[in-house]
Amino acid sequence: MKKTVLFLCAALMTGCSIPPQSNDHHTPPIAGEPISDSNKKAIAALFSLLAKEAKKQWGEDEYIESSKHRYVKYLDGYQTRAHIDFDAGKIYVSTVSQHKPMEKLHKAIVQTVLMPADPKDVEQFTDKDIQLKGKPFFLGQVVDQEGKSIEWEWRANRFAAYMIENKLQSKTIKKGNAYYVQIDMVKDHLAQREYQYAHLVRDASKRYDIPEGLIYAVIKTESSFNPYAVSHAGAYGLMQVIPKTAGADVFNLVKKKPGMPTKEYLFDPANNIDTGAAYLYILKTRYLRDVTNPSSRHFSMISAYNGGTGGVLATFHPDRKKAMVTLNKKSPSQVYDALTTKHPKDEARRYLQKVLYFQKDFKEGKI
């Protein structure tokens with residue numbers, strides 16, 4: 001029975017209703033080959049510097065850093081921070097400042113709810129203020145005490161004052177007292193973010209002949225529609241593109257230009273979605289073009305987006321040519337089984353399940 005269901009899922013390319021597992025500790029590369037050590041070292045240096053400065057103020061136990069599904073911005077000499085949990089739909093604004101802490105907290109709340117929609121305007125690895133310009137990213141995702149969207153500074157200031165007066169919490173940490181407020185996003189916060197990028201997904205789908213549902217599913221799996229997403233692997237933005245691997249492939253093979261995209265380029269949602277979709281196109285038409293069954297190719301390209309083409313082929317045989325022969329001898333359901341149970345990387349096994357699950361949700365109108 002299981003084989004029959006998987007085969008039907010494969011034939012329809014809609015994915016199977018296997019519940020996705022947690023996204024925690026999921027930091028995979030998306031290129032055809034392993035990510036470069038220099039790229040890892042560069043991003044590791046940024047995280048290390050941030051951790052060093054923030055831990056001076058918060059201590060080891062209270063330090064939090066950004067990830068693919070979580071955005072953390074430190075302010076005010078690293079004494080104040082905004083922590084956004086995109087999966088849970090929660091925003092925590094906190095301060096350990098002992099000098100005018102309520103003023104620091106008020107300012108941080110305003111900057112957070114009015115954070116610009118363009119990630120290039122927010123410096124994650126410094127304590128610089130957030131520059132308030134353009135349309136706020138959280139417009140529609142966060143409402144004030146009157147249920148109104150927060151678009152202007154006067155409303156944000158009034159909301160910050162309300163939160164501090166009515167919702168202020170505190171706790172004792174090793175470094176002293178911490179004051180914080182919790183801001184709940186609206187129930188359909190994920191749908192609100194999806195809507196922001198619908199036209200970009202649609203255009204990329206047409207441009208590269210990649211199903212809209214697949215692009216949506218990859219974005220949801222990679223970042224929960226967090227355009228500020230950054231990983232320790234050096235992947236940026238909504239579709240978690242690594243500049244020196246997938247980004248370089250897209251520049252060289254699709255855009256026909258040398259070099260690789262900058263992180264600023266990839267933090268632009270339009271560029272990021274275009275690059276991610278273009279890389280799926282490369283996987284489909286170049287790296288995995290010899291996979292004869294369309295459904296098997298679909299499964300393989302999803303797995304390769306996460307763990308590389310080499311990881312897909314290694315699932316079937318150490319020798320790449322023999323691996324392709326072995327893969328093509330298997331039915332789509334057997335390919336699915338292999339990639340979700342025998343792939344060399346455990347996170348890649350879960351990844352295929354998650355993406356197919358979310359792709360099915362899209363087809364059924366749930367995403």
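Before reading on, note that the structure itself is shown above.
Residues numbered from 1 in each chain as written. Predicted model: local features only at pLDDT ≥ 70, side-chain atom pairs only at ≥ 80, totals over all residues. Heavy atoms only, no water.

Enquirer: Pulling in residues and values, what's your account of the environment of Ser97?
Expert: Along the chain, Ser97 turns up in the loop between β3 (90-95) and α3 (101-113). What makes Ser97 buried here is its relative accessible area of 1%. For Ser97, the residues in contact, after removing those within four places along its chain, are Asp76, Gln79 and Lys104. Reaching out from Ser97, the side chain makes a polar contact with the backbone oxygen of His99 at a distance of 3.0 Å. (Helix = DSSP H or I, 4+ residues; strand = E, 2+ residues; numbered from the N terminus. Buried < 20%, exposed > 50% of the residue type's maximum accessible area, 1.4 Å probe, protein only. Contact = heavy atoms within 4.5 Å. Polar contact = N/O pair within 3.5 Å; in protein donor to acceptor, adjacent residues only side chain to side chain.)

Enquirer: Please provide a residue-by-residue account of the pattern of salt bridges, values included.
Expert: Inspection of the entire model under this criterion finds 18 salt bridges. As a salt-bridge pair, Lys284 and Asp209 come within 3.8 Å of each other at their nearest N and O atoms. Linking Lys284 in helix α10 (residues 269-287) with Asp209 in the loop between α6 (198-208) and α7 (212-223), this pair joins segments that are 75 residues apart in sequence. Using a relative accessible area of 25% as the deciding quantity, one classes Lys284 as partly exposed. Residue Asp209 is classed as exposed on the basis of its relative accessible area of 57%. For the salt bridge of Lys263 with Glu264, the shortest nitrogen-to-oxygen distance reads 3.0 Å. Salt bridges sharing common partners tie together Asp144, Glu146, Arg155 and Arg158. (Salt bridge = Lys/Arg side-chain N within 4 Å of Asp/Glu carboxyl O.)

Enquirer: So what about the packing of aromatic side chains? Which residues, and what values?
Expert: Going through the model one piece at a time under the given rule, you end up with 16 aromatic pairs. Between Tyr208 and Tyr281, the ring centres sit 6.0 Å apart and the planes meet at 45°, which makes this aromatic pair tilted. With a gap of 73 residues between them, Tyr208 in helix α6 and Tyr281 in helix α10 connect regions that are remote in the sequence. Classification of Tyr208 by relative accessible area gives buried; the value is 6%. Taking 5.0 Å as the distance between ring centres and 25° as the angle between the ring planes, the aromatic pair formed by Tyr216 and Phe362 counts as stacked. Here Tyr216 is found in helix α7, whereas its partner Phe362 is found in helix α14 (residues 346-363), with 146 residues between them in sequence. Assessed through its relative accessible area of 6%, Tyr216 is described here as buried. Phe362 gets classed as partly exposed once you look at its relative accessible area, which sits at 24%. An aromatic cluster is built from Tyr71, Phe86, Phe137, Phe138 and Tyr228, whose rings are joined through pairwise contacts. Lying over the aromatic face of Trp58, Arg81 brings its terminal NZ or CZ to 3.8 Å of the ring centre. (Phe/Tyr/Trp six-rings, centres within 6.5 Å; stacked < 30°, edge-to-face > 60°. Lys NZ or Arg CZ within 6 Å of the ring centre and 35° of its normal.)

Enquirer: Give a detailed account of the sheet that holds strand β1 (residues 70-75), specifying residues and quantitative values.
Expert: On the basis of which strands lie adjacent, the open sheet formed by 5 strands has the order β1-β2-β3-β5-β4 and antiparallel pairing. The open sheet terminates on both sides in strands that have one partner only, identified here as β1 and β4 (169-173). Averaged over all adjacent pairs, the angle separating strand axes in this sheet is 20°, with direction ignored. As judged from the 5 bridges shared by β4 and strand β5 (residues 176-184), these two strands associate in the antiparallel manner. When the sheet's bridge partners are listed, Gln169 is paired in β5 with Tyr180. α3 rests against β1, β2 (80-85), β3 and β5 of the sheet, and its axis sits at about 150° to β3. (Pairing = 2+ DSSP bridges. Axes fitted to C-alpha atoms, helices over the stretch in contact; angles between N-to-C directions.)

Enquirer: Kindly report on the nonpolar core, identifying the contributing residues and their values.
Expert: Residues Ile109, Ile183, Ile215, Ile273 and Tyr305 are the most contacted members of the largest nonpolar core, which totals 94 residues. Setting aside anything within four residues of it in sequence, one finds Ile183 in contact with Gly89, Lys90, Ile91, Val93, Ile109, Val113, Val142, Phe159 and Met163. (Core = buried A, V, L, I, M, F, W, Y, C linked by side-chain atoms within 4.5 Å.)

Enquirer: Help me get a handle on unusual backbone geometry, residues and values and all.
Expert: A positive phi angle, near 55°, is found at Asp209, a position not held by glycine. Its identity is not glycine, yet Phe225 carries a phi of approximately 60°, on the positive side. Mapped onto the secondary structure, Phe225 falls in the loop between α7 and α8 (243-254).

Enquirer: Could you give me a rundown of the side chain of Asn226, with the residues and numbers involved?
Expert: Turning to its location among the elements, Asn226 is positioned in the loop between α7 and α8. The buried category is assigned to Asn226, whose relative accessible area is 0%. A polar contact of 2.9 Å, which involves the side chain of Asn226, links it to the backbone nitrogen of Tyr228.

Enquirer: Now, about the packing of helix α11 (residues 294-314) against helix α13 (residues 332-341): what can you tell me, with residues and values included?
Expert: Orientation of α11 relative to α13, taken along the N-to-C sense of each, is 25°, at an axis distance of 9 Å. With respect to each other, α11 and α13 are oriented roughly parallel. Considering how the two elements wind past one another, α11 and α13 form a crossing that is left-handed. Two secondary-structure elements touch here, α11 through Ser295, Ser296, Phe299, Ser300, Ser303 and Val312 and α13 through Pro332, Val335, Tyr336 and Leu339. Looking at side-chain class alone, the contact of α11 with α13 contains 6 nonpolar, 4 polar and no charged residues. (Parallel < 35°, antiparallel > 145°, perpendicular 65-115°, else oblique. Left-handed = near helix turned anticlockwise from the far one by under 90°. Nonpolar A, V, L, I, M, F, W, Y, C, P; charged D, E, K, R; others polar.)

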